[in-house]
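The chain contents come next:
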Amino acid sequence: ARGARMPRAKELQRSIEKHFGTLPWCRRYLERIGETRYMLALRQLVEAGIVEDYPPLSDVKGSYVAQYEHTIMLRPTCKEIVSKGDDW
């Protein structure tokens, strides 16, 4: 397994693995889990090939963009959203 060299990058890598595993995440999520002063460490993780960076999605200037994710079950006669929660 490849790992980061700098102590702060190693710490951030462990936090990312613990909280997100292989799921996609964004910098805002790092702040939600209490990470601060992470930009240099994050850059080191990207440069080491440990984390892949992707540009933010953009739309028409001035428009709003929202993303919703649910797990669905496709049955022969119906579709069922199985991840319904308080946000639905």
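Scoring rules and cut-offs
Residues numbered from 1 in each chain as written. Predicted model: local features only at pLDDT ≥ 70, side-chain atom pairs only at ≥ 80, totals over all residues. Heavy atoms only, no water. Axes fitted to C-alpha atoms, helices over the stretch in contact; angles between N-to-C directions. Helix = DSSP H or I, 4+ residues; strand = E, 2+ residues; numbered from the N terminus. Parallel < 35°, antiparallel > 145°, perpendicular 65-115°, else oblique. Contact = heavy atoms within 4.5 Å. Buried < 20%, exposed > 50% of the residue type's maximum accessible area, 1.4 Å probe, protein only. Arc of directions from axis to C-beta.

For this particular structure, what's the right way to read the packing of helix α1 (residues 7-20) against helix α3 (residues 39-47)?
Each pair of packed helices can be summarised by the angle the axes make with each other and by the distance between the axes. Between α1 and α3, whose axes approach to 8 Å, the crossing angle comes to 80 degrees. Between α1 and α3, the angle falls in the class roughly perpendicular. Contacts between α1 and α3 involve R8, A9, L12, Q13 and I16 from the former and A41, L42, Q44 and L45 from the latter.

Would you explain α3 in this entry?
Every α-helix carries 3.6 residues per turn, so stepping three or four residues along brings you back to the same face. For α3, the full list of buried residues reads A41, L42 and L45. All buried residues of α3 fall inside an arc of 100 degrees around its axis, so they share one side. Every exposed residue of α3 that faces more than 90 degrees away from the buried side is listed here: L40 and E47. Where α3 is buried, its residues touch α1 and α2 (27-32). Phi for G49, located one or two positions after α3, is positive at around 80 degrees.

These figures come from the coordinates and say nothing about function on their own.
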